[in-house]
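Single-letter residue listing:
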Amino acid sequence: MSQYDLNGLVTNTEPKASRMIDQLKAQGVTHPELLELMANLPRHEFVESAFSHLAYSATPLPIGRNQTISQPLTVARMTEWLLTYARLGRVLEVGTGSGYQTRILAHFFNKVHTVERQEWLHELAKKRLLSMGVNNVEYLFGDGQAGWPHKVEMDAVIITAMASKIPLALTSCLKEQGILIMPIDHPSPQIGCWRKEGDRWKCLGTESAHFVPLLEGIENV
Ligand code: SAH
């Protein structure tokens, strides 16, 4: 059971949500505002309804169209890296999916640009976040490998699907000292955080994680 407040956040009375927060703390997530936000966000509204009873479990879950929402620890770790290392101005997210990560980014960044290649997921996430009163997100239906269509420099880029190589358009829109978060599958599936330092990338952290693949083109069925 949850009750919306004016900002579209909820006072989450789910005991499962507080167990999720206890687990995140035990796994080393420490940022108080992030933990509070995740405790209050209705994660069960972002997953396929047949799986809503598992929404606060430590597992990735279906969100429709064969895609998955990352498990809470992965979302928390990626966000904590951004909060630690990035300037919280403008962020580009590739892979809107359910909009859960987008919702969290929107809380901390001034402006979020998010791209999704599946029209159905793009529309659903946009409707969901607008109904929650989130108004600092620009949504694009398209192939995120092309970057954002208008020339805007990003403080951070976060890719939430596994690429075999990083598209140039995504690194070139990042400011100097900008933060890149993306999955890699060598030597094992994981998510990593890098800082752009001239033509070098300084690795700031990695964490084991599984992701759906980054795909080419769009799907509008
Ligand atoms: N951040 C999401 C995770 C979604 S899973 C969440 O919190 O729910 C990854 C998403 O990336 C999927 O929705 C998939 O359709 C999308 N995706 C894969 N390749 C893409 C591409 N080239 N451009 C944009 N989105 C892509």
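Conventions and cut-offs
Residues numbered from 1 in each chain as written. Predicted model: local features only at pLDDT ≥ 70, side-chain atom pairs only at ≥ 80, totals over all residues. Heavy atoms only, no water. Core = buried A, V, L, I, M, F, W, Y, C linked by side-chain atoms within 4.5 Å. Buried < 20%, exposed > 50% of the residue type's maximum accessible area, 1.4 Å probe, protein only. Contact = heavy atoms within 4.5 Å. Helix = DSSP H or I, 4+ residues; strand = E, 2+ residues; numbered from the N terminus. 1 Å grid on protein atoms, 1.4 Å probe; cavity = no way out; pocket = protein on both sides within 12 Å on 5 of 7 lines; lining within 4 Å. Points joined across faces, edges and corners; volume = space filled by probe spheres on them. Nonpolar A, V, L, I, M, F, W, Y, C, P; charged D, E, K, R; others polar.

J.: Give a detailed account of the nonpolar core, specifying residues and quantitative values.
T.: Among the nonpolar cores identified, the biggest contains 49 residues, and Leu-24, Met-38, Leu-82, Ile-104, Phe-109 and Ile-181 are the most heavily contacted of them. Here Ile-181 is in contact with Met-78, Trp-81, Leu-82, Val-157, Ile-158, Ile-159, Ile-191, Gly-192 and Cys-193, once residues within four sequence places are set aside. In terms of nonpolar packing, the next biggest core, distinct from the first, is built from 17 residues, Trp-148, Val-157, Ala-163 and Leu-214 among them.

J.: Quick one: what's the story with unusual backbone geometry, residue by residue and with numbers?
T.: Cis geometry is adopted by the peptide bond preceding Pro-187, which originates at His-186 and carries an omega value of 0°. Note that Pro-187 resides in the loop between strand 9 (174–184) and strand 10 (190–197). Despite not being glycine, Asn-66 has its phi angle at roughly 60°, a positive value. Checked against the element boundaries, Asn-66 lands in the loop between strand 3 (61–64) and strand 4 (67–69). The class for Asn-66 is exposed, based on a relative accessible area of 75%. Even without being a glycine, Gln-177 presents a positive backbone phi close to 70°. Among the structural elements, Gln-177 can be located in strand 9. Relative accessible area serves as the criterion here: at 44%, Gln-177 is assigned to the partly exposed category.

J.: An account of empty space enclosed by the protein is needed here, citing residue identities and associated values.
T.: Tallied over the full model, the rule gives two cavities of 30 Å³ or more. Here the largest cavity defines a volume of roughly 430 Å³. Contributing to the lining of the largest cavity are 34 residues, with Gly-95, Gly-97, Glu-116, Thr-160 and Val-212 lying nearest its centre. Every element with two or more residues in the lining of the largest cavity is listed here: strand 4, helix 3 (72–85), strand 5 (90–94), helix 4 (100–108) and strand 6 (111–116). For the lining of the largest cavity, the leading source of residues is strand 4, giving three residues. Looking at the lining of the largest cavity, its residues break down into 15 nonpolar, 15 polar and four charged. Each pocket or cavity is described by its volume, and for the second largest cavity that value is around 50 Å³. Where the lining of the second largest cavity is concerned, the elements lending two or more residues are helix 1 (15–26) and helix 3. When the residues that make up the lining of the second largest cavity are grouped by side-chain class, the tally is six nonpolar, four polar and no charged.

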